[in-house]
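# Breakdown of the fold
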Amino acid sequence: MTTSVAAAQPPPCGDAPLEGERVALLIGNSAYNDWEWPSLKNAVNDIDYVCAAFAKAGISPRIVRNANMVTLDAALTRFAAEAAGASSVVIYYAGHGFEYGGRNWLVPMEAPPATRRADVEKRYLSIEAAVKRVVPAGAFTLVFVDACRTTEPVVRIEDVNVAAGDAASAPLGLLDIGQGAVFYSTAKGRPALDFAPVGSPVSPFAAAVVKELAIPGLEISDYFKIVSREVYKRTHGMELGPQQPFHYGSWFDDYYLVAPPEVPARVAPGAVFRPLSAPPPPPGAAAEGALRGATADPLADISLDRLAIEDEPMLIADVLSRHSASELIALADGGHPLAQQLAGYMFSLGVGLKRDLPRARGYLEASAAQGFPAGQQELAYLLLENDPSPEELKRAYDLYVAASNAGFSKAKTHLAYRLAAGTFGPADFARSQALYAEAAEKGHPAAIFALTYFADTRAANLAQLRTLAATGNPEGNHWLCEAHFAAKTLPGAIEDCGIAARAGFAGSRAILADAYAKGVGVGADAKEAAHWAKLARALPELRKDQRELIAGIGE
């Protein structure tokens, strides 16, 4: 009896044959010998931890633990054979690694810390070669790399003559994988922490990867951003922190680790929620937090001030970590103006739900009809972004004005920008500046940045951005980078550009690339310039003027 029960137990995660079109190869090397290589207590823990999360997401995993070169070679051969029909392949590596000869290498268990040029390929595993070996033609490739990228050489190449111009080993660099994405646990020149806080059984990167994988419907670029902010938050204030993951890549279609749910269109009965024209009361205030004749508002902790300032994908991720998309849509169908605005945003951009512009507009129209400022602002934005007719242009203006008059700072910032750009007629800089000032008073970072363009408000608003950056919010660093670049005082903010570039801000990456190309605030370095230019171009939100700024760098 005992034998038959034991035989019926499923194999441990990562040991079963691969199934389906989505597969993952998870490699973790922990047991380095501590005198040639520092051991990494949590690397194997990490891949065991992410294994269960990938499996739950419908990605069939294979684990390779503490492998030498022979074991790795055999594992790659087996995986390649089983993954031959896959449409997407995830490769996750936790361990030591380095770059040499234009390729990136992971360090097997028995590998020495020093070798000769001719022996590099025999002793270390090229990550690029591994990708080519196991990923079928046409499959989407997603590579996670959790390894230190500090400047100290991980491997010494004994027969290179650096003085004569030979290239030595370097921190892990940019992988060339074709269609797909690479997600590094840390920025170039920075360590990857094995734990945070001290004593954690997994790395902060693995912890964030798993935590955010529980949220369905995040397109991979949004997923990267949310994981990066979580790692930054976990490591901010630590001795070697903060740790800033970053990603780059090229892909044409939306890719989801966990697909967005199908939420059929319906009209469900429900309580009528009153519009939130002011920040809702704290959750504990039952008398004020409950709506007339209804239960307490499940979104009562999301105020208009928070809606105005917080990055939308981050806000959506927080909401979906507590409420399913179906629950949110049910609230919207029941008349909740905030749920309608969130649903409209999600459908319009494909965040948490499949992109569906007609449904997006329907929910935003419903939210705006209730006089909800965030719904009005989002509807105005949607109208302007989709080739508006003259009537829609006027309506967008009216919606922005209504939301601005209700005190919604994001609408004030949007309207200020449009007025200065002449979207609704002749440019009106005086009114634009006044609206920016009102939004800045509410703490809207983009408005604070805009006010640095005006001489009479520049110093005070630079100080506000510095305060924001000091709290650990890299958006403050980003806007400082942009402001000093515009004012031609970049050397005073080059560190801010570095922080924001590592945090994934497209504009800061472009500015940093230009700085390295011209030697502004940093030593001229063509390789670093090409590095940051490539990362900037990988982000679709990079502005046209910034693409022009880095044209030709590294191309």
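This structure is a prediction, so every number in the text was calculated from the model and none was measured. Every chain begins its residue count from 1, and numbering advances along the sequence as written. With pLDDT at 70 or above as the cut-off, local features in this predicted model cover only qualifying residues; side-chain atom pairs require 80 or more to be listed or tallied, and sums for whole chains, interfaces and linings still use all residues. Hydrogens are left out, water is left out, and the side-chain values use all remaining heavy atoms of the structure.

## Things to note about the overall build of the chain
- Secondary structure elements follow DSSP: runs of H or I no shorter than four residues count as helices, runs of E no shorter than two count as strands, and numbering proceeds from the N terminus. For the chain, the count of helices and strands is 24 helices and eleven strands.
- For this measure, only C-alpha atoms enter the radius of gyration; the expected value for a globule follows 2.2 Å times N^0.38, where N is the number of residues. The C-alpha radius of gyration computed for the chain amounts to 25 Å, which stays within 12% of the reference 24 Å derived for 555 residues, consistent with globular compactness.
- In terms of its C-alpha atoms, the chain occupies a principal-axis envelope of roughly 70 × 70 × 40 Å.
- Throughout this description, buried means an accessible area under 20% of the type-specific maximum (1.4 Å probe, protein chains only), exposed means over 50%, and partly exposed covers the range between. Sorting the 555 residues of the chain into buried and exposed places 53% on the buried side.
- For this analysis, residues touch if any pair of their heavy atoms sits within 4.5 Å. Intrachain contacts of the chain at a sequence separation of at least 6 include 66% that bridge at least 24 residues.
- Accessible surface is estimated by sampling points in the Shrake-Rupley manner with a 1.4 Å probe; for residues, cover comes only from the protein chains shown. Accessible surface computed for the chain: about 23900 Å², of which carbon and sulfur atoms make up 57%.
- His is not counted, nor are the chain ends, whereas Lys and Arg count as positive and Asp and Glu as negative. The atom standing in for a charge is NZ when the residue is Lys, CZ when it is Arg, CG when it is Asp and CD when it is Glu. Side-chain charges of the chain comprise 50 positive and 62 negative groups, with the mean position of each set lying 1 Å from the other.

## Describing the sheet that holds strand E11 (residues 246-250)
- The six strands are arranged E2-E1-E3-E8-E10-E11 in an open sheet whose pairing can be described as mixed. In the strand order of this sheet, the two ends are held by strand E2 (60-65) and E11, each with one partner. For this sheet the average axis-to-axis angle between neighbouring strands, irrespective of direction, equals 10°.
- Looking at chain direction, strand E1 (residues 22-28) and strand E3 (residues 88-94) are connected through seven bridges and run parallel. Within the sheet, the bridge partner assigned to Val23 lies in E3 and is Val89. For two strands to be treated as a pair, DSSP must find at least two bridges joining them. Between N-to-C directions, angles cover 0 to 180 degrees, with each direction set by a line fitted to C-alpha atoms, over the stretch in contact for helices.

## Topic: the side chain of Glu219
- Here Glu219 shows up in the loop between helix H6 (204-213) and helix H7 (220-235).
- For the buried Glu219, no salt bridge exists, and the shortest N-O distance to an oppositely charged side chain is 7.4 Å, to Arg355.
- The contacts of Glu219, once residues within four sequence positions are left out, are Trp251, Asp253, Asp254, Tyr255, Tyr256 and Gly350. Only one rule defines a salt bridge in this text: a Lys or Arg side-chain nitrogen within 4 Å of an Asp or Glu carboxyl oxygen.

## Description of the pattern of salt bridges
- Per the stated rule, a full pass over the model turns up 34 salt bridges.
- For the salt bridge of Arg234 with Glu230, the shortest nitrogen-to-oxygen distance reads 2.9 Å. Placement of both Arg234 and Glu230 in helix H7 is noted, with a separation of four residues, approximately one turn of the helix.
- One salt-bridge network, held together by shared partners, links Asp301, Arg306, Glu310, Asp318 and Arg322.

## Side note on the nonpolar core
- Residues Phe54, Tyr92, Leu142, Phe144, Tyr223, Leu257 and Leu307 are the most contacted members of the largest nonpolar core, which totals 144 residues.
- Not counting chain neighbours up to four residues away, the residues in contact with Tyr223 comprise Phe144, Val209, Glu212, Leu213, Leu218 and Leu257.
- Throughout, nonpolar core names a set of buried Ala, Val, Leu, Ile, Met, Phe, Trp, Tyr and Cys residues whose side chains join them through atoms within 4.5 Å. Counting residues in hydrophobic clusters, the runner-up holds 29 residues, among them Ala380, Leu415, Ala416 and Ala439.

## Quick look at the sheet that holds strand E5 (residues 103-106)
- With antiparallel pairing, three strands are arranged side by side in an open sheet as E4-E5-E7. Of all the strands in the sheet, just strand E4 (97-100) and strand E7 (125-126) have a single pairing partner and so form its edges.

## Overview of the packing of helix H12 (residues 337-349) against helix H14 (residues 373-384)
- Their axes nearest at 9 Å, the elements H12 and H14 cross at an angle of 25°. By the angle between their directions, the pair H12 and H14 is classed as roughly parallel. Crossing geometry of H12 relative to H14 is assigned as left-handed. Note on element contacts: H14 touches H12 through Ala374, Gly375, Glu378 and Leu382, opposite Gln341, Tyr345 and Ser348.
- The residue makeup of the contact of H12 with H14, split by class, is three nonpolar, three polar and one charged. An angle below 35 degrees is read as roughly parallel, one above 145 as roughly antiparallel, one from 65 to 115 as roughly perpendicular, and any other as oblique. Each crossing is labelled by how the near helix is turned from the far one, with a counterclockwise turn of less than a right angle marking it left-handed and a clockwise turn marking it right-handed. Note on residue categories: nonpolar means Ala, Val, Leu, Ile, Met, Phe, Trp, Tyr, Cys or Pro, charged means Asp, Glu, Lys or Arg, and polar means any other residue, Gly included.

## What about the packing of aromatic side chains?
- Two rings from Phe, Tyr or Trp (for Trp, the six-membered ring) form a pair when their centres are within 6.5 Å of each other. A pair whose planes differ by under 30 degrees is stacked, one over 60 is edge-to-face, and the rest are tilted. If you walk through the whole model with that rule in mind, you get 19 aromatic pairs.
- A ring pair is formed by Phe183 and Phe205, whose centres lie 5.2 Å apart and whose planes are at 65°; its orientation type is edge-to-face. Remark: Phe205 occurs in helix H6 and Phe183 occurs in strand E10 (residues 180-184); sequence separation between them is 22 residues. Note on accessibility: Phe183 and Phe205 belong to one class, buried.
- Grouped by ring-pair contacts, the aromatic residues Phe54, Tyr92, Phe144, Phe183, Phe205, Tyr223 and Phe224 constitute a single cluster.

## Let's talk about the confidence of the model for the chain
- The pLDDT averaged across the chain works out to 89; a share of 93% of its residues lies at or above 70.
- The pLDDT score gives, residue by residue, the confidence of the prediction method on a 0 to 100 scale. With pLDDT under 50 throughout, residues 268-294 is counted as low confidence; its partners more than four residues away or in other chains account for 46 contacts.

## Points about the layout of surface pockets
- The pocket and cavity definitions rest on a 1 Å grid over protein atoms only: a 1.4 Å probe that fits but cannot leave marks a cavity, an open set with protein on both sides within 12 Å along at least five of seven lines marks a pocket, and residues lining either have an atom within 4 Å of a point. Grid points are joined across faces, edges and corners, and a volume is the space filled by probe spheres set on the points. Roughly 870 Å³ of internal volume is contained in the second largest pocket.
- What lines the second largest pocket is a set of 39 residues, among which Lys188, Gly189, Glu528, His531 and Trp532 lie closest to the centre.
- Counting residues per element, the lining of the second largest pocket draws most heavily on helix H23 (residues 526-537), at six residues.
- A breakdown of the residues in the lining of the second largest pocket according to their chemical character gives 16 nonpolar, twelve polar and eleven charged.

## Observations concerning the environment of Val143
- Looking at the secondary structure, you find Val143 in strand E8 (residues 140-146).
- Judged by its relative accessible area of 1%, Val143 is buried.
- Residues Val143 and Leu25, spaced 118 residues apart in sequence, show a C-alpha to C-alpha distance of 9.5 Å.

## Here we look at the packing of H14 against helix H15 (residues 390-405)
- Viewed as axis vectors pointing N to C, H14 and H15 meet at an angle of 155°, and their least axial separation amounts to 8 Å. With respect to each other, H14 and H15 are oriented roughly antiparallel. In this structure, H14 crosses over H15, and the sense of that crossing is left-handed. Contacts between H14 and H15 involve Pro373, Gln376, Gln377, Leu379, Ala380, Tyr381, Leu383 and Leu384 from the former and Glu392, Leu393, Arg395, Ala396, Leu399, Tyr400, Ala402 and Ala403 from the latter.

## Looking at the environment of Phe454
- Summarising the element assignment, Phe454 is placed in the loop between helix H18 (445-450) and helix H19 (458-470).
- A sequence separation of 21 residues divides Phe454 from Gln433, and the C-alpha atoms of the two residues are 8.2 Å apart.
- Each residue touching Phe454, except ones within four places of it in the same chain, is listed here: Gln433 and Tyr436.

## Comments concerning the state of the cysteines
- In this description, a disulfide is simply a cysteine sulfur pair whose atoms lie within 2.5 Å. Enumeration over the complete set of coordinates arrives at two disulfides.
- Note on cysteine connectivity: Cys13 is disulfide-linked to Cys51, with sulfurs 2.0 Å apart. Negative torsions about the S-S bond denote left-handed disulfides, and the value of about -95° found for Cys13 with Cys51 makes this one left-handed. With a gap of 38 residues between them, Cys13 in the loop between helix H1 (2-8) and E1 and Cys51 in helix H2 (residues 43-56) connect regions that are remote in the sequence.
- The exposure class assigned to Cys13 is partly exposed, which follows from its relative accessible area of 29%.
- Put simply, Cys481 and Cys497 are joined by a disulfide, and their sulfur atoms are 2.1 Å apart. Classification of the bridge connecting Cys481 and Cys497 rests on its S-S torsion, roughly 95°, and on that basis the disulfide is right-handed. Taken together, the residues span a long stretch of sequence, with Cys481 in helix H20 (residues 474-486) and Cys497 in helix H21 (residues 494-502) at a distance of 16 residues.
- Residue Cys481 is classed as buried on the basis of its relative accessible area, which comes to 0%.

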